[in-house]
There are 4 protein chains.
Amino acid sequence: MYETTPPDDRRPLRIGMLGYAGMGKAHSNAYRTIPYIFWPGAFRPELTAITGRTEAKVREAAIRYGFQRYTTDWRTVVEDDEIDVFDNAGPDAMHVEPTLAAIDAGKHVACEKPLALSAADCERLYVAAERRGVKHLACFNYRFLPAVRLARELIDAGDLGEIREARFRYSQERGGDPEVSPWTAGTLNAIGCHVIDQARFLVGEIARVSAVITSPVSDRRAERGIETGVRMDTVAMAVEFDSGAPGLIDASSIATGRKNQLAWEINGSRGSVAWDLEDLNVLRVMRRGDRRLDGFAEVIVCEPWHPLAGVWWDTAHLLGWEHGHINMLAHFLDAVATGSPVAPYGATFHDGLRAAQVSEAAVESARTGRRIEVAAPAAVPAAVPVTQALSA
Amino acid sequence: MYETTPPDDRRPLRIGMLGYAGMGKAHSNAYRTIPYIFWPGAFRPELTAITGRTEAKVREAAIRYGFQRYTTDWRTVVEDDEIDVFDNAGPDAMHVEPTLAAIDAGKHVACEKPLALSAADCERLYVAAERRGVKHLACFNYRFLPAVRLARELIDAGDLGEIREARFRYSQERGGDPEVSPWTAGTLNAIGCHVIDQARFLVGEIARVSAVITSPVSDRRAERGIETGVRMDTVAMAVEFDSGAPGLIDASSIATGRKNQLAWEINGSRGSVAWDLEDLNVLRVMRRGDRRLDGFAEVIVCEPWHPLAGVWWDTAHLLGWEHGHINMLAHFLDAVATGSPVAPYGATFHDGLRAAQVSEAAVESARTGRRIEVAAPAAVPAAVPVTQALSA
Amino acid sequence: MYETTPPDDRRPLRIGMLGYAGMGKAHSNAYRTIPYIFWPGAFRPELTAITGRTEAKVREAAIRYGFQRYTTDWRTVVEDDEIDVFDNAGPDAMHVEPTLAAIDAGKHVACEKPLALSAADCERLYVAAERRGVKHLACFNYRFLPAVRLARELIDAGDLGEIREARFRYSQERGGDPEVSPWTAGTLNAIGCHVIDQARFLVGEIARVSAVITSPVSDRRAERGIETGVRMDTVAMAVEFDSGAPGLIDASSIATGRKNQLAWEINGSRGSVAWDLEDLNVLRVMRRGDRRLDGFAEVIVCEPWHPLAGVWWDTAHLLGWEHGHINMLAHFLDAVATGSPVAPYGATFHDGLRAAQVSEAAVESARTGRRIEVAAPAAVPAAVPVTQALSA
Amino acid sequence: MYETTPPDDRRPLRIGMLGYAGMGKAHSNAYRTIPYIFWPGAFRPELTAITGRTEAKVREAAIRYGFQRYTTDWRTVVEDDEIDVFDNAGPDAMHVEPTLAAIDAGKHVACEKPLALSAADCERLYVAAERRGVKHLACFNYRFLPAVRLARELIDAGDLGEIREARFRYSQERGGDPEVSPWTAGTLNAIGCHVIDQARFLVGEIARVSAVITSPVSDRRAERGIETGVRMDTVAMAVEFDSGAPGLIDASSIATGRKNQLAWEINGSRGSVAWDLEDLNVLRVMRRGDRRLDGFAEVIVCEPWHPLAGVWWDTAHLLGWEHGHINMLAHFLDAVATGSPVAPYGATFHDGLRAAQVSEAAVESARTGRRIEVAAPAAVPAAVPVTQALSA
């Protein structure tokens, strides 16, 4: 009486991934979840190949996540003709060279944040990807949480009026204990890029930065003769957006008691929104109306009619952190499959570059004590779209 | 340069599932996620067969979730020798007969809530499963959210002292609109069993119930000539636990503005805990100490050292609703694979029965206006463990 | 260059007060504050006389609060022709006899809660006051916090639609420690009357009660040979309002961690409100509208256009607990001075009686295990208004 | 049977006040409340004289608040030999000259914030008061809310470890509506001084400031031909404290939805505190301990054992905004009466000066785009204590 299940005949998008640690886990989870959550759909990701430094670990990851093959040589993946998408979920220092090689090979590319450790490297990646005409994604996953997207949609629709000021913070305590490993790339690179991207995503380009950067904890480590290579534990910026609106942006790894608080408040002329990653499903929304009942409403952004939430569960069945990654990679694969743009909801390498430029302006401001203009965006080269294996 | 990934040689637990709708989606997601999240482990679930009423839909679910075969005849699954675990994620009215048949066939059984629509049917299931010696799970998924488990562990350890009183509520608004579909089995069956199970899980057995049950909305539907079959929209109970502690328990489908608020507060002699499903990662904990700093602390229960959280993501990378199901089914499969008990952290059919007995006491109390003693638990029959295919 | 300030020629309302402890302090503060906060106004309270049991203490209170004269014999105050208003802020056991005597003497009367320790005594007070035609106030001060009043106004205006269900709690921890003095009159009398009054004020009359009453802590005191006279530490009720809506009401003195949490949530067909005395300036309001932005808004009820707030400070300059008493007594004196009714915003002795009747129904229900009908309201006697000294 | 109340024979401190508007109301309320709340005590304030510009209004205020005499000529008050304390609660522009004259006349002086509209004027006041040896108070009332004081005490005691970073904001929406009156002295003077004082009170001196100042709304007014004299609507600063800790401080009058949100978070190496004026009784406290239960606790700072709360009401009977003023002026009068210092809990003119110096550094930084060192504190002149009428 059984029927044998017929094959899933949706078009496969073959993923080649670099990295098997935390981000490798999150991305693998996304690729394994997308096929049945984004249903029905025109495509399905296929975990084709994985690469990483340590043989035993990459082999284990291949079994664990179901990649068909593995290698310790990332060039093998990058040059693999069967790979459609190269996903760089590796350590920060491994972002540039493999991603550039993948672009050269005509792969569509997703890369974890920070896109690179310097704006110059970010620009190389951005220019290369645009020239080659491949789709590119900078993995700013928090754009893809429903509450964050709803905020963006409210702002775009003018529901909050003109945006007049904004505050963004990313506070963690992980660097607070001298015994605990801090972010090796420093707070600004590790989490600062997220908070800068949120500011750009929601309010727009940042024109000028006045910053203070301190490292009270790493200094103390240094006193104890420990070399950490960590030079920045907190960064605090007063900024001006291109629109003229002022803003505050800060990132800290020494905020005792704050586990993972990426939080912001944006004030417009007709309303305001506030959000906190530690309560990620809720958008606090205030809009001018009946002044007797003026106040911030706690909106649980998990209903079928909310953006990015409809494919998931039932009413107010909350989503978690990982859903940002899943929604993001589904969006990227859709762009790859259909040719639709990654922007504006997805972050491209241009966004990765802009975040780095703001970071570097902050470092320069902190060093000189001057307000620094953020560098002009790179001129966009003429795109030469890759002939896509996908189009076959 | 590639190596071909070797097979995942962990022992398979072959799942046969009934149901392809909301719960089918949640359970399938769990079985697909467990292999790489609970890693390494001694087993892996295999989506062997799925059954459901409508051919086109069950076929689609089989493709979507990756079941190997499908059928519209549930007996085929129940009698399938290759099936280790029968998971009944089907509609309420389909819980009893197929599950009983699966028990008869020596399958380990998981069944969605409510276990059955009467205590008598729950008892049949419980007695059958115990007699047959199979593992049985009543799918009270909220026990498996980290914050709920932490509360239970604090209580078990005596960290709150003697439990003196408790309040439990489950408030939804879905029945509030006469145009919207209410819970067909009524609020008490649909969500009342969850809130009763939370009360039993955290405070213990309920001895006596005084209840008020109303149906303001369905009455109005009736006035408009609509037959809904829904006789209960709210149930409010004042209860006494076996311990002597008093409690309040209520469930409502007409709580305008409340999407999915399963919430409780438990007060002990040395401390208290409070929780809300709409903020599911947070346990509010108060413990007597320095009285200047007395207050409820917001504990984000998502750290590596928290129960049920360590297998997941990084610090305060929040979990969502679905993680309850995933953790629950991983726990059940572990019990199946290792022979360890499902209780006390997992709910068994005994817990399903007890929830139904409390519900029936509430209905009786509401009908008669009297305080009603909850029926005594069923005598536990001598278990005759099934010879397990698994033990090979 | 100075001018001498002319006298305040507003009509004096001469207050005679019984009690110098906590409530005496709160009421005295109110009478001293009203003259300049409720400005300009037609009257001003004058602290004419105070009485209390202990000579040294009543003398000290007279100096401290500025009463013109004092006595340990309450009859002296009650019979004092110059007194317009008798304010009974004394201990519970002293509510009935002096208040009755003041009514007999034609005084307008305010009396702290509980109005009396039995419904029968409450009824004596209510009937006497009505017969004599004096104004009477039961001091349910929480009605006079702006957020509570706003909720009442929203409900009255139909802004929440039909009220479908409601939950009320009053949780304190003071009885939780065996070494600490509990409420001598028991939880139900001490704070239960407040929570019952809030329920009646906001939702309406209570028809039927099913209650559980426990005293886990006092029992333990009893075991240790301590006689406390406290027989009730928690009361939990499932109720039905006259409207047919269900409700939960509970009061507890053993809720560890809860200092003074009088809190409620009321769900209507078109919206809901929630409030907590521990955050007393905020009303949480949800009203159906744009479903994308559905949620409870935190309304700080402290703006010039909010009820009861306009006489006070500037925008969101929060009010405290004592402002309920000040607003309440100002309202009562206005009724005395102008002849306007105390009800419906102010609680009268009728409300004091009704609260006691609900309490007694709860005690009876707890004793018998039966759902108990709340006694019918007393027939209102024909009022024979006192010839008011005030009218001169 | 009556006894006539004997006079209150505590030593009178005779107050001469300038100003009858909002601050005049708040200060008068304080002086009228102190005698019976701070009981028993060595002194009692006496409302001796009031002055203000408009005859009708100052006369009305004298009647309303109970001042014995009044005048439109502030010099009459300043030179009045009977006055012990000159309280300047007048408009910003009237702070300097009358206060200087009062100092010259040997009066103890309290002055509302901002102390003066320039640091130079603040310094004149500070130096004059110190030289003359009178007590001086800058009315930073928020220091005297119990939750703020508790934070200071925790920090002083080292309970939070070394302070590593801090964020302070003061957000209002009053300037957001072009039809509504903004702060005439600008946001920085009006509310910026409060938030700067909180930062200094809790974390210490500010060494350097990088600021952005914008006025989006007043610009728009200007476009419409309205001259407002308001040049600053928002100020955002990244600062460094003397300790080396970084901070963010901002003030805004255009934060739509924020009524009166003075809020901060301070992170130390062993714990953190957070507070919000819109929930003023609560201090959120996190201290490292059992890491399973790590989180911010909501401490309601209203218990008898809490600082500044014991004189007031019962457990968790919340205080309001005005209690800051009452507690502050009681503290100041106590310093006047006993000779105890106003600092460190009370703000002196030195604190008023320092706030102005930080403000001016912010303006200079915004103008030049450079990080600006805050001016060095004024050298403290040798005090020449006034021969106090009080000491008699």
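The rules behind the values
- Residues numbered from 1 in each chain as written.
- Chains lettered and ligands numbered in written order.
- Predicted model: local features only at pLDDT ≥ 70, side-chain atom pairs only at ≥ 80, totals over all residues.
- Heavy atoms only, no water.
- Pairing = 2+ DSSP bridges.
- Helix = DSSP H or I, 4+ residues; strand = E, 2+ residues; numbered from the N terminus.
- pLDDT = per-residue confidence, 0-100.
- Contact = heavy atoms within 4.5 Å.
- Least-squares fit on C-alpha atoms with pLDDT ≥ 70 in both.
- Buried area = accessible area lost by both parts, 1.4 Å probe.
- Salt bridge = Lys/Arg side-chain N within 4 Å of Asp/Glu carboxyl O.
- Polar contact = N/O pair within 3.5 Å; in protein donor to acceptor, adjacent residues only side chain to side chain.
- Axes fitted to C-alpha atoms, helices over the stretch in contact; angles between N-to-C directions.
- Nonpolar A, V, L, I, M, F, W, Y, C, P; charged D, E, K, R; others polar.
- Buried < 20%, exposed > 50% of the residue type's maximum accessible area, 1.4 Å probe, protein only.
- Right-handed = clockwise from strand over helix to strand, strands pointing away.

Student: Sorry, what's going on with the sheet that holds strand E6 (residues 108–111) of chain D here?
Tutor: To summarise the sheet geometry, strands pair through backbone hydrogen bonds and adopt either a parallel or an antiparallel arrangement. Read from one edge of the open sheet, seven strands run E1(C)-E4(D)-E3(D)-E2(D)-E5(D)-E6(D)-E7(D), paired in mixed fashion. This sheet does not close on itself; its edge strands, each paired only once, are strand E1 (3–4) of chain C together with strand E7 (136–138) of chain D.

Student: Explanation requested: the confidence of the model for chain A in the structure shown.
Tutor: A low pLDDT means the predicted coordinates there should not be read in detail. All names here are of chain A. For chain A, per-residue confidence averages 92 on the pLDDT scale, and residues scoring 70 or more make up 89% of the total. The model gives residues 226–231 a pLDDT under 50, and that stretch makes nine contacts with residues more than four places away or in other chains. In the model output, the complex is listed with pTM 0.95 alongside ipTM 0.94.

Student: Sorry, what's going on with the relation of the copies chain A and chain D here?
Tutor: Superposition of the two copies of the chain requires a rotation about an axis and a shift along the axis. Between chain A and chain D, the superposition needs a rotation of 180° and an axial shift of 0.0 Å, giving an RMSD of 0.0 Å. One copy is carried onto the other by what is essentially a two-fold rotation axis. For chain A, the smallest separation between a C-alpha atom and the rotation axis is recorded for A:Arg370, amounting to 2.2 Å. A symmetric contact is evident, with 100% of the interface residues of chain A recurring at the interface of chain D.

Student: Please clarify how the interface of chain A and chain B should be interpreted in this entry.
Tutor: Note: interface size is frequently given as the accessible area lost on complex formation between the parts. Opposite the 57 residues of chain A that make contact, chain B presents 56 residues. Across the chain A to chain B interface the summed buried area is about 5100 Å²; carbon plus sulfur atoms make up 59%. When residues of chain A are sorted by the area they lose upon contact with chain B, A:Tyr2, A:Tyr36 and A:Trp313 head the list and together hold 16% of the total. Linking chain A to chain B there are zero salt bridges. Viewed at the interface, chain B and chain A are joined by 32 residue pairs in polar contact (both at pLDDT 80 or more). Where the side of chain A that touches chain B is concerned, the elements lending two or more residues are strand E1 (3–4), helix H1 (22–37), helix H2 (55–65), strand E4 (69–71), helix H3 (74–78) and helix H9 (322–338) of chain A.

Student: In this structure, what is going on with the packing of helix H6 (residues 146–156) of chain D against helix H7 (residues 187–202) of chain D? I would like to understand it.
Tutor: Describing two packed helices takes the angle between their axes plus the distance from one axis to the other. Residues and elements named next belong to chain D. Remark: H6 packs on H7, axes separated minimally by 9 Å, with the N-to-C direction vectors making an angle of 35°. In this structure, H6 uses Val-148, Ala-151, Arg-152 and Ile-155 to contact H7, whose residues at the interface are Gln-198, Phe-201 and Leu-202. A class-by-class count of the residues in the contact of H6 with H7 yields five nonpolar, one polar and one charged.

Student: Mind showing me how you'd approach unusual backbone geometry here?
Tutor: For residues other than glycine, phi is negative in most cases, and the peptide bonds are mostly trans. Across the junction of C:Lys113 and C:Pro114, the peptide omega takes the value -10°, indicating a cis bond. Tracing the sequence through the fold places C:Pro114 in the loop between strand E6 (108–111) and helix H5 (119–132). D:Ala343 connects to D:Pro344 through a cis peptide bond whose omega is 5°. For D:Pro344, the position within the fold is in the loop between helix H9 (322–338) and helix H10 (349–368). The phi angle at C:Leu308 is positive, at roughly 70°, despite the residue not being glycine.

Student: I keep staring at helix H6 (residues 146–156) of chain B and nothing clicks. Help me out?
Tutor: The α-helix advances 3.6 residues per turn, and as a result positions three or four apart in sequence lie on the same side. Residue and element names in this part refer to chain B. Buried residues dominate H6, accounting for nine of its 11 residues. Within H6, burial applies to Pro-146, Ala-147, Val-148, Arg-149, Leu-150, Ala-151, Arg-152, Leu-154 and Ile-155. Tucked inside the fold, the buried residues of H6 contact strand E8 (163–171), helix H7 (187–202), strand E12 (261–268), strand E13 (271–276) and strand E14 (282–287). In the stretch just after H6, Gly-158 is the one whose phi turns positive, near 80°.

Student: I would appreciate a short explanation of the relation of the copies chain A and chain B in the present structure.
Tutor: Least-squares fitting of chain A to chain B yields an RMSD of 0.0 Å, with the superposition described by an axial translation of 0.0 Å and a rotation of 180°. Of the residues that chain A buries at the interface, 98% are likewise interface residues in chain B, meaning the two copies contact each other through the same surface.

Student: Sorry if this is basic, but what is going on with the pairing of strand E3 (residues 43–51) of chain D here?
Tutor: For a regular strand, side chains alternate in direction, first toward one face of the sheet and then toward the other. Residues and elements named next belong to chain D. Summarising burial for E3: nine of the nine residues are buried, a large majority. Pairing geometry for strand E2 (residues 11–18) and E3, over eight bridges, is parallel. Across the sheet, residue Pro-12 finds its bridge partner in E3, namely Arg-44. For the crossover that starts at E2, traverses helix H1 (residues 22–37) and ends in the parallel E3, the hand is right-handed. Both E3 and strand E4 (residues 69–71) contribute to a ladder of three bridges, which runs parallel. Following the sheet pairing, Ile-50 is matched in E4 by Tyr-70. The parallel pair E3 and E4 is bridged by helix H2 (residues 55–65), and the resulting crossover is right-handed.

Student: Would you explain the environment of D:Ala211 in this entry?
Tutor: Residue and element names in this part refer to chain D. With respect to the element layout, Ala-211 can be found in strand E9 (residues 206–214). Assessed through its relative accessible area of 0%, Ala-211 is described here as buried. Sequence separation of Ala-211 and Ile-249 is 38 residues, and the distance between their C-alpha atoms is 9.2 Å.

Student: I tried to follow the pattern of salt bridges on my own but got confused; where do I start?
Tutor: By the definition in use, this model includes 126 salt bridges over all chains. As a salt-bridge pair, D:Arg288 and A:Glu173 come within 3.8 Å of each other at their nearest N and O atoms. Residue D:Arg288 is found in the loop between strand E14 (282–287) and strand E15 (296–300), and its partner A:Glu173 is found in the loop between strand E8 (163–171) and helix H7 (187–202); the two belong to separate chains. For D:Arg288, a relative accessible area of 37% puts it in the partly exposed group. For D:Asp197, the salt bridge is made with D:Arg143, and the minimal N-O distance between the two is 2.7 Å. Highlighted residues: D:Asp197 in helix H7 and D:Arg143 in the loop between E7 and H6, separated in sequence by 54 residues. Across the pair, exposure class does not vary: D:Asp197 and D:Arg143 are buried alike. Here the salt bridges share partners, and the residues they tie into one network are A:Arg143, A:Asp197, A:Arg200, A:Glu205, A:Asp351 and A:Arg354.

Student: Where do I start with the interface of chain A and chain D in this structure?
Tutor: Taken together, the contact between chain A and chain D spans 52 residues of the former and 52 residues of the latter. Overall, the association of chain A and chain D removes approximately 3800 Å² of surface from exposure, summing both partners, and the carbon and sulfur fraction of that is 46%. Summed over the three residues of chain A that lose the most area to chain D, namely A:Arg164, A:Thr256 and A:Arg371, the buried surface amounts to 18% of that side. The shortest N-O distance in the salt bridge between A:Arg167 and D:Asp250 comes to 2.7 Å. In this assembly, chain A and chain D are joined by 24 residue pairs in polar contact (both at pLDDT 80 or more). Broken down by secondary-structure element, the contributors of at least two residues to the side of chain A that touches chain D are E8, strand E9 (206–214), helix H8 (216–223), strand E10 (234–241), strand E11 (246–252), strand E12 (261–268), strand E13 (271–276) and helix H10 (349–368) of chain A. In terms of residues, the side of chain A that touches chain D owes the most to one element, E10(A), which gives six residues. For the side of chain A that touches chain D, a count of residues per class yields 15 nonpolar, 19 polar and 18 charged.

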